[in-house]
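Analysis of the macromolecular model
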Amino acid sequence: MFSKRFKWSLESNRFARVIEAKKKSGARILDLTESNPTRAGFDYPVEEILGALAQTPAMLYEPAPRGLLLARDAVAGYYAERGFNVDPERIHLTASTSEAYSYLFKLLADHGQSVLVPQPSYPLFEFLAALEGVELHPYELSYAHPAGWRIDFDSVEKAIDANTRAIILVSPNNPTGSFVKLGEVERLNAICARHNLALIADEVFGDYGFRDDESRAGSLVSNNSVLTFVMSGFSKILALPQMKLGWIVTNGPADLRDEAVERLDFIADTFLSVGAPVQHAAPSWLRLRRELQNQILDRARGNLNWLGNVTEGAPLRLLNVEGGWCATLELPRYFTEEEWALALLEKDDVLAHPGYFYDFPREAFLVLSLLPRAEIFREAVNRILARVG
Ligand SMILES: Cc1ncc(COP(=O)(O)O)c(C=O)c1O
C-alpha cells in the first residue's frame, strides 16, 4: 500500500519510552536536548512580532514563485548588513530550510543519485533525502584537540562517484559547531568544478559564532565559481521556527545560475508554500534580529564558558566549539554512549543526545544543547559530572 521511500519503524525508541514513563511518574527531566528556542525562556517582543502579521496587504493573494519582493528585499538587506551583496532575484523563499533542501534535491538529483553530507551532522538529512529518493554519502569531519573540526578531504574524494550531484556543508555545523574555513571552501570549489557538482551551504546558525576568526569563510552567497545554493531561515536567525520562513540564495557561473533560478521558479510555483502574512511581516521581524540573537548568544556563551571551567580536570573532554547552539562532551569509553545517555536519563533525570544520533563515527559522545537556562544547564551538567565520577 505504501511507498518504499518510507523505511522507518513507527515504534517509539527506548529513550522515548523511558521519557514517557518518567513523565507519567511526575519526574522533572532536565532536558539538554532542548533546541526549541520558544521553550527556552527568551524574551520575545510578542506584540511587535504578532502585530506585524496583521497587515492589510496580506489579504491579497499574489502568487509569486520566488516569494514577494518586499520579503526578498528584506532578506537581501539582512545579507547587506553582514557585508554581502545579494540580488533579490536570486532568492527563493520557502516555508523552512528543510523545505529548501527538498527543493534542491528535486532540482539536482534523480532517484538513486546521491549528495554528500558531513558526518557528524544534523539527523534530519536522512529523512529529507530518503523522502526525495536521494541517497546520502557521508564525508567525515575530523577532530583534533584543541584545534577543532576540519573537513577530511580524502573522505570527500572517496565518497564521490558517478552518481554524486552535490556536496552539502553546514556552517557552523550542527552539532560540532565548526565553521567552514576559507581554505576549505577553495578546495570544495575545486572538487565541485572537477566533478561537476553543486555546493549546498546550510548557514542557519551563521550568526551564532562565539568569537571572530579570520580563517573562517563568510557566507557562501558570494561564491560564484561553482553552482552554489545557500540556505537559511527564521527558525534560527530570529529564533522563530513556528513562523515558517526560509530561503535559498543561488549563485554560480551566470548561465548555470540563471537556469537553476528558473528551474527553482518552476518547483516553487508548484507549491507556493509561504503564507502572505509571514512575508509581509518579514521586514519588521528582521529588525528584531540583534535583540533576539544577543539573548541567545549570551545564554549559549555563558553556558559554554561555565562548561569549559567545570570540565577542566574532569575525566571527560569538552570538544572545541566555534558557534551554534550545542556543545559536545567526549566521555570515557568504559560505557557506550547509549549506556551513558540511558543511565543519565534513568538514574539522574538528565536527557542528552548520544553521539550516534548525529552519526559520530565512534564512541562515546554526548551532545548538549546550550539553550537551556543557566540553572537547568548547570544542574544537569553537575549530575553528568557526578555520574562520570
Ligand atoms: C543545520 C540545520 N539546518 C536546518 C534546520 C532546519 O531548519 P528549519 O526549521 O528552517 O527547517 C536545522 C534545525 O535544527 C538545523 O539544525
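Preceding block: the structure.
Residues numbered from 1 in each chain as written. Predicted model: local features only at pLDDT ≥ 70, side-chain atom pairs only at ≥ 80, totals over all residues. Heavy atoms only, no water.

1. With respect to a negative patch on the surface
Our working rule: A patch is a set of surface residues, each over 30% in relative accessible area and not in a salt bridge, joined within 9 Å for like charges and within 5 Å for the nonpolar side chains Val, Leu, Ile, Met, Phe, Trp and Tyr. Each accessible area value is a Shrake-Rupley result obtained with a 1.4 Å probe; residue values ignore everything except the protein chains displayed when judging cover. The rule for a salt bridge is simple: a side-chain nitrogen of Lys or Arg has to be within 4 Å of a carboxyl oxygen of Asp or Glu. The positive count covers Lys and Arg only, the negative count covers Asp and Glu only, and His and the chain ends enter neither. Every charge is mapped onto a representative atom, which is NZ of Lys, CZ of Arg, CG of Asp or CD of Glu. A run of DSSP states H or I qualifies as a helix once it reaches four residues; a run of E qualifies as a strand once it reaches two. Both are numbered from the N-terminal end.
A cluster of acidic residues, Asp43, Glu47, Glu48 and Glu291, forms a negative patch at the surface. Here glutamate 47 shows up in helix α2 (residues 46-51).

2. As for the packing of aromatic side chains
Our working rule: Pairing of aromatic rings covers Phe, Tyr and the six-membered ring of Trp, with a centre-to-centre limit of 6.5 Å; geometry is then stacked below 30 degrees between planes, edge-to-face above 60, and tilted otherwise. Only protein chains enter the accessibility calculation, which uses a 1.4 Å probe. A residue is then buried if its area is under 20% of the maximum for its type, exposed if over 50%, and partly exposed in between. Note on geometry: a ring has a charge over it if NZ (lysine) or CZ (arginine) is within 6 Å of the ring centre and within 35 degrees of the ring normal.
All told, the structure shown has 21 aromatic pairs when counted by the stated rule. When the ring of tyrosine 78 is compared with that of tyrosine 79, the centres are 4.9 Å apart and the planes differ by 65°; the resulting orientation is edge-to-face. Pair check on accessibility: tyrosine 78 and tyrosine 79 agree, each one buried. Ring centres of tyrosine 101 and phenylalanine 105 lie 6.1 Å apart, and the angle between their planes is 40°; this geometry places the pair in the tilted category. Of the two residues, tyrosine 101 and phenylalanine 105 are both situated in helix α4 (residues 97-108); the distance of four residues between them amounts to about one turn of the helix. Summarising the burial analysis for this pair, tyrosine 101 and phenylalanine 105 share the class buried. If you follow arginine 216 out to its NZ or CZ, it ends over the ring of phenylalanine 179, 3.8 Å from the centre.

3. Re the environment of arginine 216
Cut-off, in case you're wondering: Residues count as neighbours in contact if any of their non-hydrogen atoms are within 4.5 Å of one another. Here a polar contact is recorded for every N or O atom pair within 3.5 Å, except that within protein the pair must consist of a potential hydrogen donor and a potential acceptor, and residues adjacent in sequence are included only if both atoms are side-chain atoms.
Tracing the backbone through its elements, the reader meets arginine 216 in the loop between β7 (198-202) and β8 (228-233). Once residues within four sequence positions are removed from consideration, arginine 216 is found in contact with Phe179, Val180, Lys181, Leu182, Gly209, Arg211 and Glu322. Reaching out from arginine 216, the side chain makes a polar contact with the backbone oxygen of arginine 211 at a distance of 2.9 Å.

4. Quick word on the sheet that holds strand β3 (residues 114-119)
To be explicit about the condition: Strands are labelled as partners when DSSP assigns at least two bridges between them. Convention adopted: a line fitted to C-alpha atoms gives each axis, helices being fitted over their contacting stretch, and angles between N-to-C directions are expressed from 0 to 180 degrees.
One open sheet holds the eight strands; their spatial order is β2-β9-β8-β7-β6-β3-β4-β5, and the pairing between them is mixed. Sheet topology places β2 (91-94) and β5 (148-151) at the edges, where each strand pairs with a single neighbour. Pairs of neighbouring strands in the sheet enclose a mean axial angle of 25°, with direction left out of account. With four bridges joining them, β7 and β8 adopt parallel strand pairing. The residue bridging aspartate 202 from the neighbouring strand is methionine 231, located in β8.

5. A few points about empty space enclosed by the protein
Keep this limit in mind: The rule is simple: put a 1 Å grid over the protein atoms alone, call a set of points where a 1.4 Å probe fits but cannot get out a cavity, call an open set with protein on both sides within 12 Å along at least five of seven lines a pocket, and count a residue as lining if it has an atom within 4 Å of a point. Grid points are joined across faces, edges and corners, and a volume is the space filled by probe spheres set on the points.
Counting across every chain of the model gives three cavities of 30 Å³ or more. In this structure, the largest cavity encloses a volume near 110 Å³. Every residue lining the largest cavity is counted, 13 residues in all, and those nearest its centre are Leu141, Ile151, Val170, Ser178 and Val180. Secondary structure elements with two or more residues in the lining of the largest cavity: β4 (135-144), β5 and β6 (164-170). Looking at which element gives the most residues to the lining of the largest cavity, the answer is β5, with three residues.

6. As for the packing of helix α11 (residues 289-311) against helix α13 (residues 374-388)
What counts, and what does not: Small angles under 35 degrees read as roughly parallel and large ones over 145 as roughly antiparallel, with 65 to 115 read as roughly perpendicular and the rest as oblique. Left-handed describes a crossing whose near helix is turned anticlockwise from the far helix through less than a right angle; right-handed describes the clockwise counterpart. Classification convention: Asp, Glu, Lys, Arg as charged; Ala, Val, Leu, Ile, Met, Phe, Trp, Tyr, Cys, Pro as nonpolar; all other residues, Gly among them, as polar.
Two elements in contact, α11 and α13, have axes separated by 11 Å at closest approach and are oriented at 25°. What the angle tells us is that α11 and α13 run roughly parallel. The two elements α11 and α13 cross, and the hand of that crossing is right-handed. Contact residues: Arg299, Asn303, Trp306, Leu307, Val310 and Thr311 in α11; Ala374, Phe377, Arg378, Val381, Asn382 and Leu385 in α13. Classifying every residue of the contact of α11 with α13 gives seven nonpolar, three polar and two charged.

7. Describing the pairing of strand β11 (residues 326-330)
With five of five residues buried, β11 is to be regarded as a mostly interior element. Burial along β11 is two-sided: Cys326, Thr328 and Glu330 and Ala327 and Leu329, pointing in opposite directions, are all buried. Strand direction decides the pairing type here: strand β10 (residues 317-318) and β11, joined by two bridges, are antiparallel. Considered in β11, the bridge of leucine 318 is made with leucine 329. With five bridges joining them, β11 and strand β14 (residues 365-369) adopt antiparallel strand pairing. In the strand pairing of β14, alanine 327 is matched with leucine 368.

8. Quick word on helix α7 (residues 182-195)
Cut-off, in case you're wondering: The span expected for a helix works out to 1.5 Å for each residue beyond the first. Each direction from the helix axis to a C-beta atom contributes to the arc, which is the arc of those directions.
With 14 residues, α7 should reach 20 Å at 1.5 Å per residue; the first-to-last C-alpha distance of 20 Å fits that figure. Where α7 is concerned, the buried positions are Glu184, Val185, Leu188, Asn189, Ile191 and Cys192. Each buried residue of α7 lies within a common arc of 165° when the element is viewed along its axis, so the set occupies one face. For α7, the exposed residues set more than 90 degrees away from the buried face come down to Glu186, Ala193 and Arg194. Close packing links the buried residues of α7 with β5, α6 (153-159), β6 and β7.

9. A few points about α13
For α13, built from 15 residues, the straight-helix expectation of 21 Å at 1.5 Å per residue is met to within 8% by its first-to-last C-alpha distance of 21 Å. Those residues of α13 that fall on the buried side of the exposure criterion are Phe377, Ala380, Val381, Ile384, Leu385 and Val388. Looking straight down α13, one finds its buried side chains confined to an arc of 140°; they lie on one side. Seen from the open side of α13, the exposed residues pointing more than 90 degrees away from its buried face are Glu375 and Ala386. Considering only its buried residues, α13 is in contact with β1 (30-31), α11, β11, α12 (337-348), β12 (350-351) and β14.

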